[in-house]
Number of protein chains: 6
Amino acid sequence: MAARSSPRIVTVGETMALLGTPDHCLLRPGTGPTLTIGGAESNVAIAAARVGVASAWIGRLGDDDLGSLIERELLGQGVHVAAARDADAPTGLMLKEHRHGVPTRVRYYRAGSAGSRLSADDLDPDLLGGAEIVHLTGITAALSGSARSALRRAIELGRAGGAAISFDVNYRATLWTPEAAAPVLRDLATAADIVFAGPEEAALLLGGDPDPAAHPYPWARAEEQARRIAALGPRTVVLKLGALGALALADGAVHRHAIVPIEPVDPVGAGDAFVGAFLAELADRRPLHACLAAGARMGALVCAVRGDWEGTLDWAAPDGPPADVRR
Amino acid sequence: MAARSSPRIVTVGETMALLGTPDHCLLRPGTGPTLTIGGAESNVAIAAARVGVASAWIGRLGDDDLGSLIERELLGQGVHVAAARDADAPTGLMLKEHRHGVPTRVRYYRAGSAGSRLSADDLDPDLLGGAEIVHLTGITAALSGSARSALRRAIELGRAGGAAISFDVNYRATLWTPEAAAPVLRDLATAADIVFAGPEEAALLLGGDPDPAAHPYPWARAEEQARRIAALGPRTVVLKLGALGALALADGAVHRHAIVPIEPVDPVGAGDAFVGAFLAELADRRPLHACLAAGARMGALVCAVRGDWEGTLDWAAPDGPPADVRR
Amino acid sequence: MAARSSPRIVTVGETMALLGTPDHCLLRPGTGPTLTIGGAESNVAIAAARVGVASAWIGRLGDDDLGSLIERELLGQGVHVAAARDADAPTGLMLKEHRHGVPTRVRYYRAGSAGSRLSADDLDPDLLGGAEIVHLTGITAALSGSARSALRRAIELGRAGGAAISFDVNYRATLWTPEAAAPVLRDLATAADIVFAGPEEAALLLGGDPDPAAHPYPWARAEEQARRIAALGPRTVVLKLGALGALALADGAVHRHAIVPIEPVDPVGAGDAFVGAFLAELADRRPLHACLAAGARMGALVCAVRGDWEGTLDWAAPDGPPADVRR
Amino acid sequence: MAARSSPRIVTVGETMALLGTPDHCLLRPGTGPTLTIGGAESNVAIAAARVGVASAWIGRLGDDDLGSLIERELLGQGVHVAAARDADAPTGLMLKEHRHGVPTRVRYYRAGSAGSRLSADDLDPDLLGGAEIVHLTGITAALSGSARSALRRAIELGRAGGAAISFDVNYRATLWTPEAAAPVLRDLATAADIVFAGPEEAALLLGGDPDPAAHPYPWARAEEQARRIAALGPRTVVLKLGALGALALADGAVHRHAIVPIEPVDPVGAGDAFVGAFLAELADRRPLHACLAAGARMGALVCAVRGDWEGTLDWAAPDGPPADVRR
Amino acid sequence: MAARSSPRIVTVGETMALLGTPDHCLLRPGTGPTLTIGGAESNVAIAAARVGVASAWIGRLGDDDLGSLIERELLGQGVHVAAARDADAPTGLMLKEHRHGVPTRVRYYRAGSAGSRLSADDLDPDLLGGAEIVHLTGITAALSGSARSALRRAIELGRAGGAAISFDVNYRATLWTPEAAAPVLRDLATAADIVFAGPEEAALLLGGDPDPAAHPYPWARAEEQARRIAALGPRTVVLKLGALGALALADGAVHRHAIVPIEPVDPVGAGDAFVGAFLAELADRRPLHACLAAGARMGALVCAVRGDWEGTLDWAAPDGPPADVRR
Amino acid sequence: MAARSSPRIVTVGETMALLGTPDHCLLRPGTGPTLTIGGAESNVAIAAARVGVASAWIGRLGDDDLGSLIERELLGQGVHVAAARDADAPTGLMLKEHRHGVPTRVRYYRAGSAGSRLSADDLDPDLLGGAEIVHLTGITAALSGSARSALRRAIELGRAGGAAISFDVNYRATLWTPEAAAPVLRDLATAADIVFAGPEEAALLLGGDPDPAAHPYPWARAEEQARRIAALGPRTVVLKLGALGALALADGAVHRHAIVPIEPVDPVGAGDAFVGAFLAELADRRPLHACLAAGARMGALVCAVRGDWEGTLDWAAPDGPPADVRR
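Heads up: these notes are all about the structure in this document. Keep in mind the model is a prediction, meaning the values are calculated, not measured. (Residues numbered from 1 in each chain as written. Chains lettered and ligands numbered in written order. Predicted model: local features only at pLDDT ≥ 70, side-chain atom pairs only at ≥ 80, totals over all residues. Heavy atoms only, no water.)

## A few points about the relation of the copies chain B and chain C
Part 1 of the reasoning: Mapping chain B onto chain C leaves a residual RMSD of 0.0 Å; the transformation is a rotation of 180 degrees accompanied by 0.0 Å of translation along its axis. Such a combination of rotation and displacement between the chain copies is what one expects of a two-fold axis. Measuring from the rotation axis to each C-alpha of chain B, the shortest distance belongs to Gly76(B), at 1.8 Å.
Part 2 of the reasoning: Mapped onto chain C, 100% of the interface residues of chain B again fall at the interface, so both copies present the same surface. (Least-squares fit on C-alpha atoms with pLDDT ≥ 70 in both. Contact = heavy atoms within 4.5 Å.)

Below you can see the structure in the form of structure tokens.
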């Protein structure tokens, strides 16, 4: 139990209560949706902790029961929590609808939430200064001006302490327009050492797609995108390619990794799980292919269980699915 | 079944999905809070429909599952629904926490909700023009500028069709300050024919309490408050006095009615139920004491069951608790 | 919201409370079967309302909680309800058992139910006289003599108002013998403008199967059956062919439509959903292939969700399964 | 475990599946009522078995899952089961509604049930011939002509084997009128050795109440009623007086017993539990006051738990409530 | 209903309460695992009873609620119960975890349980002396010295009454080492008339595998193992070969039977169900291929439902899956 | 959030998974008992953490899901966890039965549990050496010889680091006899600085009750007992007197405190909550009456909610019940 170790991976962002509707069921009066928690950054922290690397989450919660529930659940997952409690704004909430034949839909109740009011003052300088990796996402940048300030301050505090800055683009169309987002996300990517993005997010960052004639195949397109992002500054760029797998570019070398082929039960959160396990292995100075393999396995575990991060609990199962074997 | 009759009581306001935590239980991951709906104005419409007077609710809902759920539930309770669906904002949500030894707490997720974006354009002129009573509350006035405009337009449309305007002060401290609220609420009360208020709301409306030396007892204080509110314009003023009962002043005459003495299970919504049954009887030109008796009985039924309005379903039970008999 | 529009499709029949056992589970003391409602005619009305055509259901319910529950649920689905309440007989009930490897079994508790005591006096002449389509089924004919009288009266009232008469054979072996049913069903089909039947029901109606040597293939056999039923009088005949699809014969022309290929979760009610959507499109004077396509899509939606009609709620989902795309 | 002992108390009657609604909750679509079983005669058999006297239940069940469930549950309670299975009629069902402020309401789905088709041919002569006590009720007499024949045959078979005949009047107003019931119930009481009745049932049996001037107090009135019933033939008469307790008249001597004063959770079935424990002690030749005490204690246990008989499971708890101590 | 017939198949062993976690769900505070019962020997008894052969279970239970629950459930399944109640030790418990991608794991809480303290004194000589088949397993031999003594005494009592002794090797690695188990299991197999074993259990019994060069295929290997076990004494040997099926050697003749090919939901308990149905048919002097077919069908039914034996309830379903038809 | 502070109160003991039966309900197959965790020492640690004093729990868990669940839940409550994981023994389990009219019964499944195999080697010397208070109980002493050794070693390690040793007698009759327990408990009390006991435990420790003639009243008797225990060595002695309150003797001075008068829902764990809050205040050098008041308030909170410690979550509720006000 490494609970008292100093957190090596520190994340900053909004975590919300998550209400999920039962599968194949109507959301109707009298029924009970299940309650859990979720947030891209805390999902990453949970995955990292499960791999065995001490992690922390910094955020802002309402001074209410849902806030306490988030705090307790993250602590319970072994994540250090440094959360300001806001007496004037409620903890954010999201509703996840499982419907047949259509993608899972997520509806947010985060306008004016405590988490969206995150500010630089909420940051714990010791935690960020003592981190090896500071992980941030583009979601936080979309929440408010004060949240954007908090991102900038987190980068300064991390850098000052010698941490690598990790940034997952995580563009959310429900929070801002591509036009508003692009310059902000590009600045953050430029300031980072490690960048994670999907192909569309990479195109948004780069102001357009590579010439399809020159890069007709997805792996090649991803490699070209990774090179261009690396040209902005980051030393390591990871392209998450969904059903295809992931491609990493580090110090000029390219690494590809297929997904672990499982039957997904709930794919939401798989990307965060990938990032968390990847960063945990990176913090332990494992070779890049091992980082990718850990990310792929953790992503598969999260897909196989309901919930945004609950599948990470199967990481340590000795007889769990290996990274390279079909279920 | 009077479902096709033209609605005689028409309400305008915000209705939200309502998540309730189980009694004596922790809100913890894995548990399921129960889902229902609630809103002061639609609670009134449900209670009126139960008494047998056709009613309608006008509002604005998100174009999402929770919005559909509200629409279906209100229709199912026999309330006509005229709801604009907002593609850009979610249906509001509230969380009701039942804790031991402390009053029930309600937490709102209505900032930026579809309901708070209600505007005069959302009103159905035919419905309002055809009503006998148009019922409004001070909650709507607190939601947004466009919602306040909708209130004003609803009054105009109702008046033009010959409807009486009913107004429940319903001051909500979580939505606005007393300073901001007082002039708005006073204007609305002045424009109304029937006003409902509690003693503190009356004091807010009137800019202060009656001289306690002159009116040392609560019934006397309430009578004095009612007279002063009537002086603003309304022909009928009803003071809701909680455990004491209710006092009505109509055309100068005072009527008092005690509550139905039951053991309350969940008091939230009892005031709305009172108003709904009172207005239904008033629409049927019943004498004032019958209006008060119906209100008291409906309020007791709602207190006796979990949920803001669910107890109204017992109205027609032939062997239900009469208005004047202790359980 | 078309809730106040005058119902264009009016159905008459018995609706029951429906208790469903959980899948792969024993029905054992202490467990809770889920409660919903169902009835062939009200299923049709719900599906039509979902497509956007105002519909109504006429029937007889017990003066009990299950009756109120049916009334509320149908209203909530946007169906106008005109239900007599019977103080002397309970609302009918059915039990739906889901077992592995065997077809779903349905057990009825409708002997002596209020619904089976439906009589011509329970019919609302205005509703039936104002309808564009009056939809009836052979189930009602099997319930009692008074219910059969109600069918005849409904046809008269509909005809008098200019409505088309729709009739779904819906033969139920648990309610009467083929010998008893055949002449009654044939009379009703003869009196109808639109007839829906399965191949076995068509054989029952026609007193035998077409010569298999002459019609060896199912589509050809169905076409022959449709022609023979049309010879009895109806202008439009629709053969529901299960996994094959459906065939419609209208004014001498034949239209075929394949099913929407989905993995069924619960097929009960799919036929009713097909009929409801078909009639709704027909009422809107859509071409026959559009009626068939709407029916096929609605049937698929109902198959994909537990419950006899609950899947109809997905009709309006913009990203739902299209009529011609495999999930 | 006395499971293989020959049943000493044998009952005949209808047992039904029992659906119970949750307390203070609406019966609404999506919720799950709980499922258990109940029947006056099998409740008696369960209570007797719990006291340690081998008992049996004879009846008729549908050849369906609810029938199997009843059979399994009774066997599980240690009651021998001899049930004919009817392929043509379903197992009966009842719905128990718990509402605030009003008595529990029970709604039956037993018209045409398998149990109501009980006939003399369904009786197991060996079981009845080997019994010490044969227990019957007036409910069975109300079900059908064949059920009444079964009662007469059960009396003959019991008498032939030397059994005492026990009869609980159990008048059910939903099954027949007082006029129809009175002569049948009187005949059965006359044929019995032991009769159980409430004051109203006694009045029905006797064709009227004792002169209130002569018997102004309830204990005295009950004693007079017991004496008049004894004059019809039975050697032992027990008047169940609700909150007052019970009075037994045996061989001319009167015994009174107060109830065990508990806070009732669900009083339905308490009378059956009383009878079962009373008969069990009687079969063991315990003195009459011990029979009454056992009955009172078992009745209290059943009142203290949801369900018609489930409270009997606490009989053997060494630290359970004694018969004469307030909780 | 054969409940009162004298048990023809009598089993001895430990039955435990069984807590099962929901599928694809975390075991987390606040959730409710489901409760049922299980035990190899009582599973066999239940399956035999379902086929229609009266059976009994002898064991030792705690004098607690879980013990009573086991007793009630077995009685409810039609199994005669002869259980000593131990005031000093609790009823055993097991926890069954369903996880994705890994085999179901079972965790026992039986150290020091009442069941493990079974002794020869707990045996009912009449039951064992009157049996046609006495069924024992190697699990009981692993529980304690007194339990082993009980096995020996059960064999003596059964033999004395002319019963055939049936023995299922049922080696449990969590209870003892192969070294400790082998001689004990061999002795028990030698003393038996009928032996059931899997291939690995057979190898354990026989002190090694047959020469793979001489027996390269599984059916041939199983036949060789069966012959060698038969050489120890038993007249009938059945090898359970999992997905392959089963092979029986009786009086020198070999019979093979494929499994019923179904999609398994929960395979635990399928072997016991096989044995129970096999023995029931054997007791009825059915030919060996019929015994194997019944075993295969019952095993398939148990696989198709959650729970160790619950699927046996589908045995009598007239439209259930036949033994030779794919679902 | 003090999660990273060094634990000031460190406890050692066994924590178990806790299955609770629903109130007024039968424990029957098919129902789901709820799952949570409990253990006297970790209950104390949770209560201390809630008051704001960093705490830790040291113990031994199975390497299984229940062990992980305990670890996650304690972390989630803000308790530092240092748990050895035992691959050869399962995590302990207890079953809590709520029955009417009788005290809650607890049944343990801890024979051979991982927790009972706690040994001195499992102790974290840094944690114990850095503590201000080391809290131990008599339960651990009853588990095994190695657990007793662990207690002795924990005292040594605590003393060496300057910690005060706290000891709660916690005699458990189901684990050992008074004769076996008395000398062990007396030795532990003698070695402690702070001792908690009930009146019966004090009598066990002291080898008998004070002369009732000399100390006829309970407060006086408790004071005498406290003085005698203090004579063994401890500087502070706290007598927990149930419904009466608690008495503390410190440095010769006596302090009495009444309970907070609430209606208890589930009293189990109230004593642990008292101890945890008392010790937390003591660690903060608050005066003794403040320690007693905090203990009384925390005990009341735990009584008011289902579960052994869940009520501690209400400690920080600003509008929760104060220590001196009746609900």
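Once you've had a look at it, read on.
## Structural notes on the pattern of salt bridges
Part 1 of the reasoning: Counted by the stated rule, this structure contains 96 salt bridges over all chains.
Part 2 of the reasoning: Between Arg286(C) and Glu281(C) there is a salt bridge whose closest N-O contact spans 2.6 Å.
Part 3 of the reasoning: Relative accessible area serves as the criterion here: at 40%, Arg286(C) is assigned to the partly exposed category.
Part 4 of the reasoning: The exposure class of Glu281(C) is buried, given its relative accessible area of 9%.
Part 5 of the reasoning: A salt bridge links Asp122(D) to Arg60(D), with the nearest nitrogen and oxygen atoms 2.8 Å apart. Of this pair, Asp122(D) sits in the loop between β7 (105-109) and α3 (125-129) while Arg60(D) is found in strand β4 (residues 55-62), placing the two residues 62 residues apart along the sequence.
Part 6 of the reasoning: Given the relative accessible area of 15%, Asp122(D) is considered buried.
Part 7 of the reasoning: Three or more residues joined by partner-sharing salt bridges are found here, namely Arg60(A), Asp86(A), Arg117(A) and Asp122(A). (Salt bridge = Lys/Arg side-chain N within 4 Å of Asp/Glu carboxyl O. Buried < 20%, exposed > 50% of the residue type's maximum accessible area, 1.4 Å probe, protein only. Helix = DSSP H or I, 4+ residues; strand = E, 2+ residues; numbered from the N terminus.)

## Overview of the packing of helix α9 (residues 270-283) of chain F against helix α10 (residues 288-303) of chain F
Helix packing geometry: the angle between the two helix axes and the distance between the axes.
All names here are of chain F.
Part 1 of the reasoning: Two elements in contact, α9 and α10, have axes whose closest approach is 7 Å; the angle formed by their N-to-C orientations is 145 degrees. The two elements α9 and α10 meet at a crossing, and its hand is right-handed. Together, Ala270, Ala273, Phe274, Ala277, Phe278, Glu281 and Leu282 of α9 and Leu288, Ala290, Cys291, Leu292, Ala294, Gly295, Ala296, Met298, Gly299, Val302 and Cys303 of α10 make up the contact between the two elements.
Part 2 of the reasoning: By residue class, the composition of the contact of α9 with α10 is 15 nonpolar, two polar and one charged. (Axes fitted to C-alpha atoms, helices over the stretch in contact; angles between N-to-C directions. Left-handed = near helix turned anticlockwise from the far one by under 90°. Nonpolar A, V, L, I, M, F, W, Y, C, P; charged D, E, K, R; others polar.)

## Some details on the packing of aromatic side chains
Part 1 of the reasoning: A full pass over the atoms with the stated rule returns 12 aromatic pairs over all chains.
Part 2 of the reasoning: Relative to Phe278(A), the ring of Phe274(A) has its centre 6.0 Å away and its plane inclined at 25 degrees; by these criteria the two rings are stacked. Of the two residues, Phe274(A) and Phe278(A) both sit in helix α9 (residues 270-283), four residues apart, roughly one turn of that helix.
Part 3 of the reasoning: Since its relative accessible area comes to 0%, Phe278(A) is described here as buried.
Part 4 of the reasoning: Measuring from ring centre to ring centre gives 5.4 Å for Phe196(E) and Phe278(E), while their planes differ by 85 degrees; the resulting arrangement is edge-to-face. Of the two residues, Phe196(E) sits in strand β10 (residues 194-197) while Phe278(E) sits in helix α9 (residues 270-283), which places them 82 residues apart along the sequence.
Part 5 of the reasoning: Owing to a relative accessible area of 0%, Phe196(E) belongs among the buried residues under this scheme.
Part 6 of the reasoning: Cluster of aromatic residues (ring-pair linked, three or more members): Phe196(A), Phe274(A) and Phe278(A).
Part 7 of the reasoning: Positioned above the aromatic ring of Tyr108(A) is the side chain of Arg110(A), whose terminal nitrogen or guanidinium carbon lies 4.9 Å from the ring centre. (Phe/Tyr/Trp six-rings, centres within 6.5 Å; stacked < 30°, edge-to-face > 60°. Lys NZ or Arg CZ within 6 Å of the ring centre and 35° of its normal.)

## Quick notes on unusual backbone geometry
Part 1 of the reasoning: Backbone geometry at Asn170(C) places phi at a positive 40 degrees, although glycine is not the residue there.
Part 2 of the reasoning: Along the chain, Asn170(C) turns up in the loop between β9 (164-168) and α6 (178-190).

## Quick look at the interface of chain B and chain C
Part 1 of the reasoning: With 15 residues of chain B at the contact, the number on the chain C side is 15 residues.
Part 2 of the reasoning: Our enumeration of links across chain B and chain C arrives at zero salt bridges.
Part 3 of the reasoning: For the pair chain B and chain C, the number of links is zero residue pairs in polar contact (both at pLDDT 80 or more).
Part 4 of the reasoning: Among the elements of the structure, α2 (65-76) and β5 (79-86) of chain B are those that each provide at least two residues to the side of chain B that touches chain C. (Polar contact = N/O pair within 3.5 Å; in protein donor to acceptor, adjacent residues only side chain to side chain.)

## Some words on the sheet that holds strand β9 (residues 164-168) of chain A
All names here are of chain A.
Part 1 of the reasoning: Taken together, nine strands build an open sheet; the order of strands is β5-β4-β1-β8-β9-β10-β11-β12-β13 and the sheet is mixed. Each end of this open sheet is capped by a strand with a single partner; those strands are β5 (79-86) and β13 (253-257). Neighbour-to-neighbour, the strand axes of the sheet open up by a mean angle of 15 degrees, direction not taken into account.
Part 2 of the reasoning: Both strand β4 (residues 55-62) and β5 contribute to a ladder of eight bridges, which runs parallel. Across the sheet, residue Gly62 finds its bridge partner in β5, namely Asp86. (Pairing = 2+ DSSP bridges.)

## As for the side chain of Thr91(A)
Part 1 of the reasoning: Tracing the chain through its elements places Thr91(A) in the loop between β5 and β6 (93-97).
Part 2 of the reasoning: Overall, the relative accessible area of 1% leaves Thr91(A) in the buried class.
Part 3 of the reasoning: For Thr91(A), the contacting residues outside a window of four places in its chain are Thr15(A), Leu61(A), Gly62(A), Asp64(A), Leu66(A), Gly67(A), Ile70(A) and Tyr109(B).

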